[in-house]
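A structural walkthrough
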Amino acid sequence: IQVSPFDLVVFGGAGDLAARKLLPALYHRDLAGQLPDVARIIGVSRRPLSREAYADFVRKALDEFVKPADKKPEAVERFVARTWFCAADAEGEGGWAELAGMLASGADHVRAFYFAVSPDLFAPLSQRIKQFGLVTPQTRVVLEKPLGKNGESANAVNSAVAAVFDESQVFRIDHYLGKETVQNLMALRFANRLFEPLWNATHIDHVQITVAEDIGVGDRGGYYDTSGAMRDMLQNHIMQLLCLTAMEPPDSFQADAVRDEKLKVLKALKPIDERNAEQMTVRAQYRGGSVGGQAVKGYLEDLGREISTTETFVAIRAEIANWRWAGVPFYLRTGKRLTRRTSEIVVNFRPISHNIFDSSAGRVSQNRLILRLQPDEGVTLEVTIKDPGPGGMRLRRIPLDMSFAETFGVSNPDAYERLLMDVIRGNQTLFMRADEVNAAWKWVDPIHAAWAHNDQRMHTYAAGTWGPSAAVALIERDGRTWFEDA
Ligand code: BG6
């Protein structure tokens, strides 16, 4: 179904995110017939570009980041014809009158401002938008991460934005929420009888959430070194996955109902601070090594520096202090230059309460539910069955597997496709509310403070491994193992 007519203004329109994610996502939605004829995409950046030069940038981005099978010359040109360009400076007044002029013809359209720039510019951009009278009743603003470096700076950004936009107009993007498996987690939990009665400390032993990447920091070292794995991945993506896994059933799928429940999870997280950070957290940095058979450099070499105190890996043993989850550890882990790109939520159920089979049947394995976000999205439920054949009762764990690509014969749309259309539709369910962001920082800030205060050891790990041995020890201390080792 087509969305309403819209103008999408992308600040950072000639930047990396626009090229890699935003333009390809919009192109795919156009290809699917979802964009109305009048929809326009206006790229904005400080550096002047002619409309033709921007069109070339768009063509190049699509050429590079759209799968060959989806590249249709006619569709590409139709999409390019929707794109416009305007040079404007967030910190000055240059270009804004022109932008206002361009937008005037779409006064009654949905108007979305996408801030795909450094968060330092969110406040000045909001002010200019107000100053030039660009906020209409149908206006929304999309904020890309990182939303600040800590609670204080996130608050400052949120207040500056709130001075111009109502919270109902603010879309804080966490692209993990647009991933198909993440939405499926909610369908699985709340559209099936099967799982919810077991979804608690009585039946679940522990949960593992891993977001592993094989890539290094590439040419993003400048940004990454000010951020680290904790701010870049854990504070947002992983904590959102944690919230959706652990939240109480909301009373509806309305944005605030879902966000209220996520917020409660964040608030119930047991604090980690200088007293327990050494036991509950591991931070580490990659050394040189080999990924997929190829030699790769270490983090410091990638960065071109001799010293950095930034972690490229973090593992945390988290606990949620509420009735449902008391005593159930949530092991969280993310890192760059790990063995392979894989992201999953693994829910490990407790053992059966009594085993009726004798030892010749073999071990009765515990059930596991694996929600795979990457590389191939899908859900696996591991169950124990009898090994087929006349050999008597021998037990074996098998996967009941559902790969989305196989089951539905289509590959999933990129997360940004779904989220950008939600922005136009005005649906905030898959976006973070300001209080959620605050609550996430409230848990993360004391961990950073503890690392500094205790001068907690920065472990290292060879690129291409699953991280430092300290992360293995973190979970093995509890008599458990990481999923890939089990
Ligand atoms: C981004 C991080 O938010 O997510 C990157 O800034 C990371 O460092 C990326 O590589 C991972 O996203 P995905 O969708 O490829 O898992």
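Bear in mind that the values here come from a model prediction, so they are computed numbers and not experimental data. (Residues numbered from 1 in each chain as written. Predicted model: local features only at pLDDT ≥ 70, side-chain atom pairs only at ≥ 80, totals over all residues. Heavy atoms only, no water.)

**Points about helix H2 (residues 51-65)**
Taking 1.5 Å of rise per residue, 15 residues should cover 21 Å, and H2 covers 21 Å from first to last C-alpha, within 8% of that figure. Looking at the packing, one finds that the buried side of H2 touches helix H1 (16-31), strand S2 (40-45), helix H3 (73-80) and strand S3 (83-87). (Helix = DSSP H or I, 4+ residues; strand = E, 2+ residues; numbered from the N terminus. Expected span 1.5 Å × (residues − 1). Contact = heavy atoms within 4.5 Å.)

**A closer look at the sheet that holds strand S7 (residues 204-212)**
Pairing within the open sheet is mixed, and its 9 strands lie in the order S16-S15-S14-S13-S7-S12-S11-S8-S17. Two strands close off the open sheet at either side, each with one partner strand: strand S16 (395-403) and strand S17 (458-462). Here the average twist between neighbouring strands, direction ignored, is 20 degrees. In this structure, strand S8 (residues 281-287) lies alongside strand S11 (residues 313-319), joined through 4 bridges in antiparallel fashion. Among the inter-strand pairings, Thr 281 is bridged to a residue of S11, identified as Ile 316. Each of S7, S11, strand S12 (329-335), strand S13 (342-349) and strand S14 (368-374) is contacted by helix H9 (residues 228-246), which is oriented at about 145 degrees to S12, the strand it contacts most. (Pairing = 2+ DSSP bridges. Axes fitted to C-alpha atoms, helices over the stretch in contact; angles between N-to-C directions.)

**Here we look at the sheet that holds strand S6 (residues 170-172)**
Here we have 6 strands laid out as an open sheet, ordered S3-S2-S1-S4-S5-S6, and parallel in their pairing. What marks the edges here is a single partner per strand, and that holds for S3 and S6. Across this sheet, the average inter-strand angle for adjacent strands is 20 degrees, counted without regard to direction. Here 5 bridges tie strand S1 (residues 6-11) to S2, and the two strands are oriented parallel to one another. Opposite Phe 11, over in S2, you have Val 44 as the bridge partner.

**Some words on the environment of Ser 105**
Its location among the elements puts Ser 105 in the loop between helix H4 (96-104) and strand S4 (110-115). In this structure the side chain of Ser 105 is engaged in a polar contact, spanning 3.3 Å, whose partner is the backbone oxygen of Met 102. (Polar contact = N/O pair within 3.5 Å; in protein donor to acceptor, adjacent residues only side chain to side chain.)

**Considering the UniProt feature "binding site: NADP(+)" (unreviewed entry) in the chain**
Using the residue numbers shown here, the UniProt feature "binding site: NADP(+)" (unreviewed entry) corresponds to Arg 46 and Lys 145. Lining the largest cavity, from the residues named above, are Lys 145. You can call Arg 46 exposed: its relative accessible area is 60%. Once residues lying within four places of it in the same chain are set aside, the contact partners of Arg 46 are Ala 87, Ala 88 and Asp 89. (UniProt positions renumbered as here; feature names shortened; annotations may be inferred. 1 Å grid on protein atoms, 1.4 Å probe; cavity = no way out; pocket = protein on both sides within 12 Å on 5 of 7 lines; lining within 4 Å. Buried < 20%, exposed > 50% of the residue type's maximum accessible area, 1.4 Å probe, protein only.)

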